[in-house]
Amino acid sequence: MRVVIKPNYENLSQWAADYVMYRINKHHPTPKKPFVIGLPSGSTPLGMFDILARYYQEKKISFENVVFFGMGEYIGVGAGDEHGFQYYLWEKFLKYVNIKKEHVHFLDGLTTDYAKECANYEKAIAAAGGVDLFIGGVGEDGHIAFNEPYSSLSSRTRAKLLTPSTRKANSRFFDNDVSKVPPMVLTIGIATMMDAAEVMILASGKAKAAAVKNAVQGSVTHVWPVSVLQQHQHAILACDENATWQLEPQTVAYFKEIDKAKF
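### What to know about the overall build of the protein chain
Phase 1 of the analysis: The number of helices and strands found in the protein chain is 8 helices and 10 strands.
Phase 2 of the analysis: Rg of the C-alpha trace for the protein chain: 17 Å, near the compact-globule value of 18 Å for 263 residues, within the 12% margin.
Phase 3 of the analysis: Among the 263 residues that make up the protein chain, the fraction classed as buried is 54%.
Phase 4 of the analysis: Across the protein chain, every contact between residues at least 6 apart in sequence was considered, and the portion connecting residues at least 24 apart equals 78%.
Phase 5 of the analysis: Surface exposure of the protein chain reaches about 11,800 Å², of which carbon and sulfur atoms provide 51%.
Phase 6 of the analysis: Each charge class in the protein chain was averaged separately, 28 positive and 27 negative side chains, and the resulting centres sit 4 Å apart.

Right, dumping it as structure tokens:
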């Protein structure tokens, strides 16, 4: 696992955006060979999204042949609901770039057949040729996508009950009212994410420090789902300094010393 440590959130966002642009441009996506990205929600990726949108305006990158898969959706929330992840990602990023709507895939939170919806999502990912780069954030408890502690490391896209801590964290999008946060989501699984050619997880702020510590210095365990990155051949954990404060100083020094390449 590669650990990238940047001084602050702004530098982290810049590096992440530059890396995504580098990977897309290096791929030279075409209609027959698109670049496939797993797209995160949450607050951490917002800085990266803003920079990528600016790069598009500056003609440094095109998203015409990029295919996106969202990581999850609340059960009971539709595409036009302002509290949904699909709405969030369109408003925060997708509408600012030249993405084709048919290239954007989200789980349907209004489905009544969870198993069929999730199975079809796995098939859609496979039909797209698999994910080239899954981008995600990490929760304070180490969850990735909505795979919270004690999720199976071999899990696939499925319906999942949210923990009280996740609902509390997400209440900021629901007028700070936890009771308004849906209790269940459809989410990609840990194995679904690990099937990607590359996985990049972003971590910012002291609240994420325990998750970063367990991802880097702990054992692989379903107690801290993010720790599964240790088993991926091409995984990146990109952090700001605040997110690394629980790491041993020699560990931080080690990763800073070996990470000399721009990409």
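### Some thoughts on the sheet that holds strand β5 (residues 104-105)
Phase 1 of the analysis: Reading across from one edge, β1-β10-β9-β6-β2-β3-β5 is the order of the 7 strands in this open sheet, with parallel pairing throughout. Sheet topology places β1 (2-6) and β5 at the edges, where each strand pairs with a single neighbour.
Phase 2 of the analysis: Note: strand β6 (residues 133-137) against strand β9 (residues 199-203), 4 bridges, orientation parallel. Within β9, the position partnered with Ile-135 by the bridge is Met-200.

### Some thoughts on helix α4 (residues 114-127)
Phase 1 of the analysis: The terminal C-alpha atoms of α4 lie 20 Å apart, and with 14 residues this matches the ideal 20 Å at 1.5 Å per residue to within 8%.
Phase 2 of the analysis: Of the residues making up α4, those classed as buried are Glu-117, Cys-118, Tyr-121, Glu-122 and Ile-125. Summarising the axial view, the buried residues of α4 lie within an arc of 140 degrees, below the 170-degree limit, and thus occupy one face. In this structure, α4 carries Ala-115, Lys-116, Lys-123, Ala-126 and Ala-127 as exposed residues pointing more than 90 degrees from its buried face.
Phase 3 of the analysis: Residues of α4 that are buried make contact with β3 (66-70), β5, β7 (158-161), β8 (184-187) and α6 (190-194).
Phase 4 of the analysis: Within two residues after α4, Gly-129 carries a phi angle of roughly 95 degrees, on the positive side.

### Description of empty space enclosed by the protein
Phase 1 of the analysis: With the rule as written, the count across this model stands at 1 cavity of 30 Å³ or more.
Phase 2 of the analysis: For the largest cavity, the calculated volume is near 30 Å³.
Phase 3 of the analysis: If you go around the largest cavity, the residues you meet are Val-20, Ile-37, Leu-39, Met-48, Phe-49, Leu-52, Phe-63, Phe-68, Phe-93 and Ile-135.
Phase 4 of the analysis: Listing elements by their share of the lining of the largest cavity, those giving two or more residues are β2 (35-39) and α2 (46-57).
Phase 5 of the analysis: Of all the elements, α2 adds the most residues to the lining of the largest cavity, at 3 residues.

### Here we look at the pairing of β3
Phase 1 of the analysis: Here β3 lies mainly inside the structure; 5 of its 5 residues are buried.
Phase 2 of the analysis: Side chains of β3 alternate between two faces, with Val-66, Phe-68 and Gly-70 and Val-67 and Phe-69 buried alike.
Phase 3 of the analysis: One ladder, built from 5 bridges, connects β2 with β3; its direction is parallel. Note on β3: the bridge partner recorded for Gly-38 is Phe-69.
Phase 4 of the analysis: Handedness of the crossover is the feature at issue here: the chain leaves β2, passes through α2, returns alongside β3, and the resulting connection is right-handed.

### Section: the packing of aromatic side chains
Phase 1 of the analysis: Under the defined criterion, the tally for this structure stands at 13 aromatic pairs.
Phase 2 of the analysis: For the pair Phe-63 and Phe-93, a centre-to-centre distance of 5.7 Å together with 85 degrees between the ring planes defines the contact as edge-to-face. Here Phe-63 is found in the loop between α2 and β3, whereas its partner Phe-93 is found in the loop between α3 (85-92) and β5, with 30 residues between them in sequence.
Phase 3 of the analysis: By relative accessible area, which is 1% here, Phe-63 ends up buried.
Phase 4 of the analysis: You can call Phe-93 buried: its relative accessible area is 1%.
Phase 5 of the analysis: A connected cluster of aromatic rings, assembled from ring pairs, spans Phe-49, Phe-63, Phe-68 and Phe-93.
Phase 6 of the analysis: The ring of Trp-90 is capped by Lys-101, whose NZ or CZ atom sits 6.0 Å from the centre of that ring.
Phase 7 of the analysis: Positioned above the aromatic ring of Trp-245, the side-chain terminus of Lys-206 is 5.7 Å from the ring centre.

Thresholds, definitions, all that
- Residues numbered from 1 in each chain as written.
- Predicted model: local features only at pLDDT ≥ 70, side-chain atom pairs only at ≥ 80, totals over all residues.
- Heavy atoms only, no water.
- Helix = DSSP H or I, 4+ residues; strand = E, 2+ residues; numbered from the N terminus.
- Rg over C-alpha atoms; globule rule 2.2 N^0.38 Å.
- Buried < 20%, exposed > 50% of the residue type's maximum accessible area, 1.4 Å probe, protein only.
- Contact = heavy atoms within 4.5 Å.
- Areas by Shrake-Rupley, 256 points an atom, 1.4 Å probe, with all protein chains shown as cover.
- Lys, Arg positive; Asp, Glu negative; His and termini not counted.
- Charge placed at Lys NZ, Arg CZ, Asp CG, Glu CD.
- Pairing = 2+ DSSP bridges.
- Expected span 1.5 Å × (residues − 1).
- Arc of directions from axis to C-beta.
- 1 Å grid on protein atoms, 1.4 Å probe; cavity = no way out; pocket = protein on both sides within 12 Å on 5 of 7 lines; lining within 4 Å.
- Points joined across faces, edges and corners; volume = space filled by probe spheres on them.
- Right-handed = clockwise from strand over helix to strand, strands pointing away.
- Phe/Tyr/Trp six-rings, centres within 6.5 Å; stacked < 30°, edge-to-face > 60°.
- Lys NZ or Arg CZ within 6 Å of the ring centre and 35° of its normal.

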